[in-house]
Amino acid sequence: MNERDADKAKDAIHTLIKKGPPGWVMMAGLIIIILLFFRPWVQVGAGQRGIVLNFGAVQKQVLEEGLHLRIPVMQEIALMDVKVQKAETDAAAASADLQDVTSRVALNYHIVPDKANIVYQNIGVQFKERIIDPAILEVVKAVTAKYTAEELITKRPAVSEAMRLALAERLQVNNIAVDAFSIVIFSFSKIFTEAIESKQTAEQLALKAKRDLDRIKIEAEQKITAARAEAESLRLQRANISPDLIELRKIEANMKAIEKWNGILPQVTGGGAMPLIGLGDTPKKIKP
């Protein structure tokens, strides 16, 4: 009994002494002292289970949430947390192609509520350090060794699922259920990381060169097609040339020349014709 409970008991006894007969006072005080000292009840909180110990021996009964009675001195109740908990662990392993891999994984788990007494009896409350952490390290190493370093990246969901199934099977034996598993990060050696970056750069350059080559081919094909179309057009024009078409083209050329004429005759004409000098400036009539 702690100091606070003792003070409460003293206050209750003094109150009864003042208000009631001496016999009732002594009996009530004795009952209060017994209740406060031996505490024949226990409260199991939310997300907990109570493990019943008879003189230290674990019993089959598991107390659920709520208020329960116990036998003082004989029985003790140990509380176990059965809520979902998280364990995050770093693990070093080697891939199938002997690359060093460092992983950080996160596991969500909980104790099977109906088996909390067995966990307490066989493992105790330090089950994370004794069971979960070693299981994570072993499973990560075993699964990582089945994949190459490149596959660990490209097949990450499959790797994560394989680890989750292996952990669930291993921990179920110890009455610990796996709720979720995830790979937080994969990290590789500096040399391997640089090799991956170089490979990605080379692939990007090769893809760019292929695209440029395809573009050049398309442009060349377009030019060839245009040249063929132009040659075909010229061939058709030559095939359709006739005296009537030539005469029509001459008339069209003369019509365009007339449209552009400004109304002034040329002063000199070539080609052996007689020159016309100053016709544009000749006066209309010369008086004698």
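Reading the values: the criteria
- Residues numbered from 1 in each chain as written.
- Predicted model: local features only at pLDDT ≥ 70, side-chain atom pairs only at ≥ 80, totals over all residues.
- Heavy atoms only, no water.
- Phe/Tyr/Trp six-rings, centres within 6.5 Å; stacked < 30°, edge-to-face > 60°.
- Helix = DSSP H or I, 4+ residues; strand = E, 2+ residues; numbered from the N terminus.
- Buried < 20%, exposed > 50% of the residue type's maximum accessible area, 1.4 Å probe, protein only.
- Pairing = 2+ DSSP bridges.
- Axes fitted to C-alpha atoms, helices over the stretch in contact; angles between N-to-C directions.
- Contact = heavy atoms within 4.5 Å.
- Patch = residues over 30% accessible without salt bridge, like charges linked within 9 Å, V, L, I, M, F, W, Y side chains within 5 Å.
- Areas by Shrake-Rupley, 256 points an atom, 1.4 Å probe, with all protein chains shown as cover.
- Salt bridge = Lys/Arg side-chain N within 4 Å of Asp/Glu carboxyl O.

Notes on the packing of aromatic side chains
Under the criterion given, the structure shown has two aromatic pairs. Aromatic side chains Tyr-109 and Phe-127 sit 6.3 Å apart centroid to centroid with 85 degrees between the ring planes, which places their arrangement in the edge-to-face category. Residue Tyr-109 is found in strand 7 (residues 100-111), and its partner Phe-127 is found in helix 4 (residues 127-144); the two are separated by 18 residues along the sequence. Judged by its relative accessible area of 1%, Tyr-109 is buried. Ring geometry for Phe-186 against Phe-188: centres 6.4 Å apart, planes inclined by 35 degrees, an arrangement best described as tilted. For the pair shown, Phe-186 and Phe-188 are each scored as buried.

Regarding the sheet that holds strand 6 (residues 85-94)
In spatial order, the strands read 6-7-8; together these three strands make up an open sheet with antiparallel pairing. Where the open sheet ends on each side, the last strands, each with one partner, are strand 6 and strand 8 (176-188). Within the sheet, the average angular offset between the axes of one strand and its neighbour, ignoring direction, is 20 degrees. Sitting on the sheet, helix 4 is in contact with strand 6, strand 7 and strand 8, with an inclination near 40 degrees to strand 6. Helix 6 (residues 156-172) rests against strand 7 and strand 8 of the sheet, and its axis sits at about 140 degrees to strand 8.

A word on a nonpolar patch on the surface
A contiguous nonpolar patch, built from Ile-251, Met-255 and Ile-258 and spanning about 300 Å² of accessible area, is present on the exposed surface. As for its position among the elements, Ile-258 is in helix 8 (residues 243-260). By relative accessible area, Ile-258 is classed as exposed at 56%.

Comments concerning the environment of Lys-141
Within the fold, Lys-141 resides in helix 4. Along the backbone, Lys-141 and Ala-92 are 49 residues apart, and their C-alpha atoms lie at a distance of 7.3 Å. Beyond its immediate stretch of four places on either side in the chain, Lys-141 contacts Ala-92 and Ala-93.

Any link to function would need more than the numbers given here.
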